[in-house]
Amino acid sequence: MSLIAPLTSDGTVPCASCNTPWSIPLLAKFRAAHRLRAEGFAYIDFGDALLINYCPHCDQPAANREVPSWAEPLLN
């Protein structure tokens, strides 16, 4: 499982479907604002951890996935 905030984290969490690494600060910001689903994420909220199982990149062909403009500053 890919969970937000493991103790040995590099600051990202991968999407379980396409393995795109997403910034923990970005996901935490959108979780607090209740916008993850609106931005194209499917996830399971465990209260103290989040499993991202689908993200905006999953709709794009692997060869030409683009970073959404709202995520550019925080996607690692």
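Cut-offs used in this document
Every chain begins its residue count from 1, and numbering advances along the sequence as written. The predicted nature of this model means local features are confined to residues of pLDDT at least 70 and side-chain atom pairs, given and counted, to a pLDDT of 80 or more, with totals for whole chains, interfaces and linings taken over all residues. To get the side-chain values, all heavy atoms of the structure are used, and hydrogens and water are removed first. DSSP-based pairing: two strands are paired if at least 2 bridges between them are found. Helix numbering and strand numbering both begin at the N terminus, where a helix is a DSSP run of H or I of at least 4 residues and a strand a DSSP run of E of at least 2. Here a pair means two rings of Phe, Tyr or Trp (six-membered ring of Trp) with centres within 6.5 Å. Their orientation is stacked below 30 degrees between planes, edge-to-face above 60, and tilted elsewhere. Type-normalised accessible area, obtained with a 1.4 Å probe on protein chains alone, sets the label of each residue: buried when under 20%, exposed when over 50%, and partly exposed for intermediate values. Look at NZ for Lys and CZ for Arg. If either is within 6 Å of the ring centre and within 35 degrees of the ring normal, a charge sits over the ring.

K.L.:
Explain the pairing of strand β3 (residues 42-45) here, please?
P.N.:
Along any regular strand, the residues point their side chains to alternate faces of the sheet. The pairing of β3 with strand β4 (residues 50-54) spans four bridges and is classified as antiparallel. For Y43, the partnering residue across the bridge sits in β4 and is I52. The antiparallel pairing of β3 with β4 creates a hairpin that spans four residues between the two strands, and G47 there sits at a positive phi of about 90°.

K.L.:
Could you clarify how one ought to interpret the packing of aromatic side chains in this entry?
P.N.:
By convention here, two paired aromatic rings are described through the distance between centres and the angle between planes. Taken as a whole and assessed by the stated rule, the structure comprises one aromatic pair. Here W22 and F41 contribute two aromatic rings whose centre-to-centre distance is 5.0 Å and whose plane-to-plane angle is 75°, an arrangement assigned as edge-to-face. Placement of W22 in strand β2 (residues 21-23) and of F41 in the loop between α1 (24-32) and β3 is noted, with a sequence separation of 19 residues between them. On the basis of relative accessible area, F41 is assigned to the buried category, the value being 3%. Of note, R37 hangs over the ring of Y43, and the distance from its end group to the ring centre comes to 4.7 Å.

K.L.:
Would you take a moment to explain the environment of D59 for this structure?
P.N.:
Mapped onto the fold, D59 is located in the segment after β4. Here the alpha-carbon distance between D59 and C18, two residues 41 residues apart in the chain, equals 9.6 Å.

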